[in-house]
Amino acid sequence: MKNETPSERRLCSLVSKASGEDPIGSATPFETCLMVESAQPWARRVAGSRRFPEGLPGILEAASERGQLGKLTALLPDREYSRAGHTRLLFWRRPPGPFAAYEKDDLLVPKGEVVPAVEALLAGPDGTSSLARYRQDTGSVREVVVCTHGSRDVCCGKFGYPVYDLLRRRHAARGRLRVWRTSHIGGHRFSPTLLELPEGRYWGHLEPGAAGDLVTRGRPPSGLARFYRGWAGLGSPYEQIAEREILTREGWGWSGYLKEGEVLRTDGSGDRAEVRIGYRSPDGSIAGAYEAVVEADDTVMTLANSGTDPLEEVTQYRVVRLEKVS
């Protein structure tokens with residue numbers, strides 16, 4: 001950090017990278033996630049934005065309190081993906097039991113009908129039959145959302161937009177991959193950060209070459225491990241840390257296994273945890289589990305938000321044992 005100017009040292013992403021902070025374990029787990037097209041400008045709290053669909057914020061707040069909505073983001077309308085007079089809704093739902101990918105509802109809804117459409121989505125799968133006329137056939141399309149929410153933290157606009165621009169120009173492929181600009185997805189000190197769906201994998205501290213390789217899978221996971229924040233299907237940082245080790249060992253094929261994790265035990269300080277991640281192939285022909293021990297390894301000084309806040313100490317963890325047990 002010696003050659004950086006004082007203002008640059010206050011950008012949380014630069015501080016985090018310079019400290020050597022490992023982004024693993026910072027993925028935000030969710031059961032459901034709603035992505036709503038909304039033009040900019042975005043307020044810091046995106047549902048409060050002037051152009052966010054009218055009447056929707058109150059519905060979403062109540063749904064969050066009831067546990068029906070785990071995550072909300074805005075999508076910036078796109079010249080190719082959007083339709084005049086309509087709002088696209090992407091709704092992601094975690095399937096029951098072990099899983100490999102989130103279930104997706106992709107809807108193009110007339111602007112005046114957004115609120116009832118969202119209410120139907122939040123009511124659960126049984127309530128979505130009324131939405132058939134809005135549903136888009138994009139089940140085979142991967143969605144990559146890159147955070148460019150500069151009003152939330154300057155790093156997301158400064159560092160996120162170039163990664164979005166590269167991926168959108170070079171890698172978006174009709175019928176296979178869409179690349180979106182999104183509002184806050186968490187972890188802005190790891191900017192540039194993105195979320196790839198339907199798998200639900202978070203990445204951060206991205207560099208242009210790494211961003212391209214992760215969407216094309218042109219490099220094995222072992223070569224991208226330092227950019228990996230974790231899988232949203234696992235509820236604790238300990239499980240996410242262990243899962244990275246498994247992904248780097250197994251390769252991209254691991255992504256297709258149905259998985260679930262659990263923390264078997266922790267010590268009183270939180271410095272050590274034993275976890276188990278079970279897996280099976282979709283056809284059931286392969287099944288097993290990994291068990292891992294995750295321990296505190298070191299601490300680094302980082303910055304949670306860009307600005308003048310003091311640095312804070314965060315613990316870094318490592319896997320000290322990983323064993324396939326069945």
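In case you missed it, the structure is sitting above this.
Because the structure is a prediction, the values reported are computed rather than measured. (Residues numbered from 1 in each chain as written. Predicted model: local features only at pLDDT ≥ 70, side-chain atom pairs only at ≥ 80, totals over all residues. Heavy atoms only, no water.)

(A) Representation of the sheet that holds strand S13 (residues 312–324). Taken in spatial order, the four strands line up as S10-S11-S12-S13 in an open sheet, and their pairing is antiparallel. The open sheet terminates on both sides in strands that have one partner only, identified here as strand S10 (258–266) and S13. For this sheet, the mean inter-axis angle between neighbouring strands, taken without regard to orientation, is 30°. Two strands pair when backbone bridges link them, and strand S12 (residues 287–302) and S13 are joined in this way by twelve bridges, in the antiparallel orientation. When the bridges of S13 are listed, Thr 302 appears paired with Glu 312. Along the sheet, helix H7 (residues 237–250) contacts S10, strand S11 (272–280), S12 and S13; its crossing angle with S13, the most-contacted strand, is approximately 50°. (Pairing = 2+ DSSP bridges. Helix = DSSP H or I, 4+ residues; strand = E, 2+ residues; numbered from the N terminus. Axes fitted to C-alpha atoms, helices over the stretch in contact; angles between N-to-C directions. Contact = heavy atoms within 4.5 Å.)

(B) Quick look at the environment of Leu 206. Counting through the fold element by element, Leu 206 comes out in the loop between strand S8 (201–203) and helix H6 (208–216). Each residue touching Leu 206, except ones within four places of it in the same chain, is listed here: Pro 192, Leu 194, Ala 211, Leu 214 and Phe 227.

(C) Local environment of the nonpolar core. Phe 30, Met 35, Leu 167 and Trp 203 are the most contacted members of the largest nonpolar core, which has 56 residues in total. If we ignore the near neighbours within four places in the chain, the residues touching Phe 30 are Lys 71, Trp 92, Arg 94, Tyr 102, Leu 195, Leu 197, Tyr 202 and Ala 232. One finds Leu 60, Val 118, Ala 120 and Leu 121 within the second-largest nonpolar core, a separate group that totals 20 residues. (Core = buried A, V, L, I, M, F, W, Y, C linked by side-chain atoms within 4.5 Å. Buried < 20%, exposed > 50% of the residue type's maximum accessible area, 1.4 Å probe, protein only.)

(D) Molecular detail of H6. Listed in full, the buried residues belonging to H6 are Ala 210, Ala 211, Gly 212, Leu 214 and Val 215. Next to the buried residues of H6 lie strand S5 (142–147), helix H5 (154–170), strand S6 (177–182), strand S7 (194–197) and S8. Phi turns positive one or two residues past the end of H6, at Arg 217, with a value near 55°.

(E) Main features of unusual backbone geometry. Geometrically, the link from Ser 191 to Pro 192 is a cis peptide bond, its omega value of 0° lying close to zero. Topologically, Pro 192 is positioned in the loop between S6 and S7. Looking along the chain, the bond that leaves Leu 197 and enters Pro 198 is cis, with omega of 20°. With respect to the helices, strands and loops of the structure, Pro 198 is situated in the loop between S7 and S8. Look at His 205: it is not a glycine, yet its phi comes out positive at around 50°. Among the secondary structure elements, His 205 is positioned in the loop between S8 and H6. Judged by its relative accessible area of 5%, His 205 falls in the buried class.

(F) The pattern of salt bridges, seen in detail. By the definition in use, this model includes 25 salt bridges. Of the charged contacts in the structure, one is a salt bridge between Arg 168 and Glu 80, with a shortest N-O distance of 3.2 Å. You can see Arg 168 sitting in helix H5 and its partner Glu 80 sitting in the loop between strand S2 (71–75) and strand S3 (86–93), a full 88 residues away along the chain. On the accessibility criterion, Arg 168 (6% relative accessible area) is buried. Here Glu 80 falls in the partly exposed class, since its relative accessible area comes to 35%. The salt bridge involving Glu 295 is made with Arg 272; its shortest N-O contact spans 3.2 Å. Separated by 23 residues along the polypeptide, Glu 295 in strand S12 and Arg 272 in strand S11 bring together distant segments of the chain. Relative accessible area serves as the criterion here: at 26%, Glu 295 is assigned to the partly exposed category. (Salt bridge = Lys/Arg side-chain N within 4 Å of Asp/Glu carboxyl O.)

(G) Main features of the environment of Ala 232. Positionally, Ala 232 belongs in the loop between strand S9 (228–231) and H7. A residue is classified by how much of its surface remains accessible, and Ala 232, at 1% relative accessible area, is buried. Residues Ala 232 and Arg 94 lie 138 residues apart in sequence; the distance between their C-alpha atoms is 9.7 Å. Excluding its chain neighbours within four sequence positions, the residues that come into contact with Ala 232 are Thr 28, Pro 29, Phe 30, Tyr 102, Gly 200 and Tyr 202.

(H) Expanded view of the pairing of S3. When you tally the buried positions in S3, you get seven out of eight residues, the bulk of the element. Here strand S1 (residues 32–37) runs beside S3; their pairing, made up of five bridges, is antiparallel. Bridge pairing in S3 links Cys 33 to Trp 92. In the sheet, S3 pairs with strand S4 (residues 103–110) via eight bridges, with the strands oriented antiparallel. Bridged to Arg 93 within S4 is Glu 103.

(I) Fine view of the side chain of Ser 236. Mapped onto the fold, Ser 236 is located in the loop between S9 and H7. One polar contact links Ser 236 to Glu 239, side chain to side chain, over a distance of 2.8 Å. (Polar contact = N/O pair within 3.5 Å; in protein donor to acceptor, adjacent residues only side chain to side chain.)

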